[in-house]
Structures are given as C-alpha cells and as structure tokens.
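Read off the chains here:
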Amino acid sequence: MTLSDFDITNHSGLYVSKEPHPTFGKKYIARFQYDKKRYVKVLGYEKRDKITLKDAIVLIENFRTSIMKNVDNLNSKEEEKKPVIKTTNKSSNEELKKLKYENSFLKSILKDYKKLNHDILVDGIQKIYDLQDLKPYQIELIKLQDWLEKVNKRMIIIFEGRDASGKGGAIRRITRYMNNKHYRIVALGKPTETQRNQWFMQRYIEHFPTGGEIVLFDRSWYNRAMVEPVFGFCTQEEHEIFMEDIVNFEQDLVRQGMILIKLYFSVSKEEQKRRFDRRVNDPLRQWKFSEVDMQAQDLWDEFSEKKYEMLKRTSSRSAPWHIVRSDDKHLSRLEALKIILNSVDYDGRNFALNFEANENVNISVQKELLQMRKSKDY
C-alpha cells in the first residue's frame, strides 16, 4: 500500500488506510510517519472507526516514547562492558544490524539529547511534524497569490481574538513562504489625535489592498466591537453606530469585488492563563506581556459579552465569521490555512490535499454562540 491509500488524521504523523489491507489480516491499518518518507509501526484494526483520535494520540506517543527508551537503554549498555552476543541464525544478525543502524540514526539527529529537558525535546520534535503538515498548504497559498495577481483581485484577512489567542503565530505561519511583494501585515496602534477626529474607518481604509494584493489585519476595525467598549475607549453611542453600520460597509466591500475573510481565534480561559504565565516566566516572551494582558483574565466576562454580541450581529452571508478554536496552536493554524484557501477557486489546486474542515476546531458561529450561552469559558 502507498501513501495515497491512506487518509490523514487530525493527529500529526498518523495516517489510516482507506480500505482493509488485502494481506494484513484484511484489517485497517494505521501508519506512523517519523522521518519524511519512512513509515513504521503498522497496527491492525478490524474496524476503521475503532481508530479514534484518543487512541491515535496514545499510540503515537507510546511509539515515540519507545524510541527514546531504546536510545537511552542502548547508550547505557554502551557504557558498560559489552556482552558477548551469540547469534543463532541469520535473522538475529539482521535484527541486530537494524537495531544498531536505528540507534546510530537517532543519535545523529538527537545529538546530546540528555542535556535537554525531556519536554523541550518532545516539543521540538513535534514542531518538526507540525511544520511538515503545514507545508503543502503553504504551497497552495503561493498558488492563490499568483491567481490573485493574475485576475487583479484584492483580499483582506482579519485576525481577531482575545489576547494570547494565537493570532500572531498564525499570521507568521500563513505568510512564511508567501511572496512579500504582494502581501502586507497591518497592526495599527492607538489612534492619533487627528485620527480620533476622523471617520472611524478612515485609518483602516488607508491600508486596504490594491489589485493582486493581500492585506492581513492583526486586529482590525472590530476593536470597536470588543476592546474599546470594555476599556472605555469609545462611547456607548459610538459602539452602537459601529455595530449598526459595519455589516452594510462589509457587504459593499464584497459587492465591489473585495475578498473578505474574517477569522476569530477562540481561546479558552484556562489556556489563555497558561500562555500568560509562560510569558511572565519566559525571558524570551516577557516583552509580549502588557498591562492589558494583566486585565484580560479579570475582564473575561466583560469581553465574553462583547464577543457574543459581535459574533451575533456582525456575521453576514457575504462576510461571515469563521471561528477557529485555538487552544491547539498547530490545528488552529492548519484550519486557518484551509479557510483562506477555500475562500476562492484559484488555479492549480492540489485536490489530493484534505481541505475539509476539522469540526472540532473550525466551529460555526451558531455552535460558538450556543457554547457561550452554556459557558463563558470561550
């Protein structure tokens, strides 16, 4: 069986066969990818639906743990006096050669892994798998850019969400390989005195794309829907005018040929706190932590009320909100890529890729609002 006979799953590195294996007991099999085109650890299942995400995570983690244990055990044995190995047949010799090769191969990659914290090492290895998962979709983004330039289309992508929801990381992964001549990232700071006396949308319009260009807004005019009213940066009247007018404004943009994509990264309260704690304790991330971050957890309910109102009143057929659950950074970035690529029918699409939404991550507005009515954790 080749890789084309397998479906990718939600868990990085895990593939499940589309049909029962003809010789492997006529059972469905799962394959773990651990080194580019090398596949190991074949596991049989009588029913395909028995391979759940929970099972997959346990299986792949057990497999990776076994690799680390093998390396540790072999290294400790090398430090002791080498035992006399008795080989009884050709098969045992081949197994020994294979084991030595794999040990040498892993050591060449991991280097002095004993000097590293185990969690850091595992996290680093996982990031390699994650980056490989994204690359096929990043290639598609380049095709999309070429198509936009060819047909002279304009695109705006809005990234909204609470602090530490993963907006910046998603933008970096999305633009990693894009042609920088045809995209811009816009992250506006506090308005100047002159801008405060202008029409609210004016300072955003100045940054709108020209033909063939993509503009990614790291926070947008929706500051007036959530951040500004919570912190008192606008009046209740200004907030209400914005909420009444913005749907018509966006409909006009779309009617005039603008491709408008609105992404809301929905992080849980618990995960936001964990990320804030990491920022405080990690010298490399402390610059990210601000006074606004300090208030985000205390004002969680206030932000939830404004978020609920914003999603309910400003999601329209021509400019809908796409909710991306972002507690899992990798999966949220992957889904954001899919949403962008599914927004237009560009030339040269690789239909072998899975463009279907992960319904556990790419949530409809209606489902998000229902969840928020039950709990304010998001």
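None of the values given here were measured: they were computed from a predicted structure.

Thresholds applied
- Residues numbered from 1 in each chain as written.
- Predicted model: local features only at pLDDT ≥ 70, side-chain atom pairs only at ≥ 80, totals over all residues.
- Heavy atoms only, no water.
- Phe/Tyr/Trp six-rings, centres within 6.5 Å; stacked < 30°, edge-to-face > 60°.
- Lys NZ or Arg CZ within 6 Å of the ring centre and 35° of its normal.
- Core = buried A, V, L, I, M, F, W, Y, C linked by side-chain atoms within 4.5 Å.
- Buried < 20%, exposed > 50% of the residue type's maximum accessible area, 1.4 Å probe, protein only.
- Helix = DSSP H or I, 4+ residues; strand = E, 2+ residues; numbered from the N terminus.
- Pairing = 2+ DSSP bridges.
- Contact = heavy atoms within 4.5 Å.
- Patch = residues over 30% accessible without salt bridge, like charges linked within 9 Å, V, L, I, M, F, W, Y side chains within 5 Å.
- Areas by Shrake-Rupley, 256 points an atom, 1.4 Å probe, with all protein chains shown as cover.
- Salt bridge = Lys/Arg side-chain N within 4 Å of Asp/Glu carboxyl O.
- Lys, Arg positive; Asp, Glu negative; His and termini not counted.
- Charge placed at Lys NZ, Arg CZ, Asp CG, Glu CD.
- Axes fitted to C-alpha atoms, helices over the stretch in contact; angles between N-to-C directions.
- Left-handed = near helix turned anticlockwise from the far one by under 90°.
- Parallel < 35°, antiparallel > 145°, perpendicular 65-115°, else oblique.

Trainee: I would appreciate a short explanation of the packing of aromatic side chains in the present structure.
Mentor: The description of two aromatic rings rests on the distance between their centres and on the angle between their planes. Applying the stated criterion across every chain yields a total of 19 aromatic pairs. Aromatic side chains Phe231 and Phe233 sit 5.8 Å apart centroid to centroid with 20° between the ring planes, which places their arrangement in the stacked category. In this structure an aromatic cluster arises from ring pairing among Trp199, Phe200, Tyr204, Phe208, Phe217, Trp221, Tyr222, Phe242, Phe249, Tyr264 and Trp321. Positioned above the aromatic ring of Tyr378, the side-chain terminus of Arg325 is 3.8 Å from the ring centre. The ring of Phe355 is capped by Arg349, whose NZ or CZ atom sits 4.6 Å from the centre of that ring.

Trainee: Just to check I follow, could you spell out the nonpolar core for this structure?
Mentor: Inside soluble globular proteins, nonpolar side chains tend to come together where they are buried. Ranked by internal contacts, the top residues of the largest apolar core, which has 35 residues, are Phe208, Trp221, Tyr222 and Trp321. Residue assignment for this core shows that the elements contributing at least two residues are β5 (154-161), β7 (214-218), α7 (227-231), α8 (236-255), β8 (258-266), α11 (300-314), β9 (321-325) and α13 (365-374). Sort the elements by how many residues they give to this core and α8 lands first, with 6 residues.

Trainee: Any chance you could explain the pairing of β5 here in plain terms?
Mentor: If a strand is regular, its side chains alternate between the two faces of the sheet. In terms of residue burial, β5 counts as a mostly covered element, since 7 of its 8 residues are buried. Sheet analysis places β5 next to β7, joined by 5 bridges and oriented parallel. Note on β7: the bridge partner recorded for Ile158 is Phe217.

Trainee: What is the right way to read the environment of Tyr204 from this model?
Mentor: Topologically, Tyr204 is positioned in helix α6 (residues 202-205). Filtering out sequence-adjacent residues up to four positions away, Tyr204 remains in contact with Leu188, Phe217, Ser220, Trp221 and Asn223.

Trainee: For this particular structure, what's the right way to read a negative patch on the surface?
Mentor: On the surface, a cluster of negative charge is made up of Glu270, Asp327, Asp328 and Asp377. Relative to the assigned elements, Glu270 resides in helix α9 (residues 269-281). Since its relative accessible area comes to 69%, Glu270 is described here as exposed.

Trainee: Sorry if this is basic, but what is going on with the packing of α8 against α11 here?
Mentor: To describe two helices that pack against each other, one gives the angle between their axes and the distance between the axes. At a minimum axis distance of 10 Å, the contact between α8 and α11 shows a crossing angle of 35°. Crossing hand, α8 versus α11: right-handed. Of α11, the residues touching α8 (which contributes Gln236, His239, Glu240, Met243, Glu244, Ile246, Val247 and Glu250) are Lys306, Glu309, Met310, Arg313 and Thr314.

Trainee: Any chance you could explain the packing of helix α4 (residues 167-175) against helix α12 (residues 329-341) here in plain terms?
Mentor: Look at α4 against α12: their axes get within 10 Å of each other, and the N-to-C directions meet at 55°. Overall, the two elements α4 and α12 adopt an arrangement that is oblique. In the crossing of α4 with α12, the sense of the turn from one axis to the other is right-handed. Of α12, the residues touching α4 (which contributes Gly169, Ala170, Arg173 and Ile174) are Arg333, Ala336, Leu337 and Ile340.

Trainee: I keep staring at the sheet that holds β8 and nothing clicks. Help me out?
Mentor: Two orientations exist for strands paired in a sheet by backbone hydrogen bonds: parallel and antiparallel. Strand order in the open sheet made by the 6 strands is β6-β7-β5-β8-β9-β10, with mixed pairing throughout. Bordering the open sheet on either side are β6 (183-186) and β10 (362-363), each of which pairs with just one other strand. Two strands pair when backbone bridges link them, and β8 and β9 are joined in this way by 5 bridges, in the parallel orientation. From the neighbouring strand, Ser266 faces β9, where its bridge partner is Arg325. Relative to the sheet, α4 contacts β5, β6, β7 and β8, its axis offset from that of β5 by approximately 150°.

Trainee: Please explain unusual backbone geometry as it appears in this structure.
Mentor: Keep in mind that most residues, glycine aside, have a negative phi and that most peptide bonds are trans. One non-glycine residue, Asn152, adopts positive backbone phi at about 60°. By secondary structure assignment, the location of Asn152 is in the loop between α3 (118-151) and β5. Unlike most non-glycine residues, Ala164 shows phi in positive territory, near 65°. On the secondary structure map, Ala164 appears in the loop between β5 and α4. Look at Ala164 and you get buried, because its relative accessible area is 9%.

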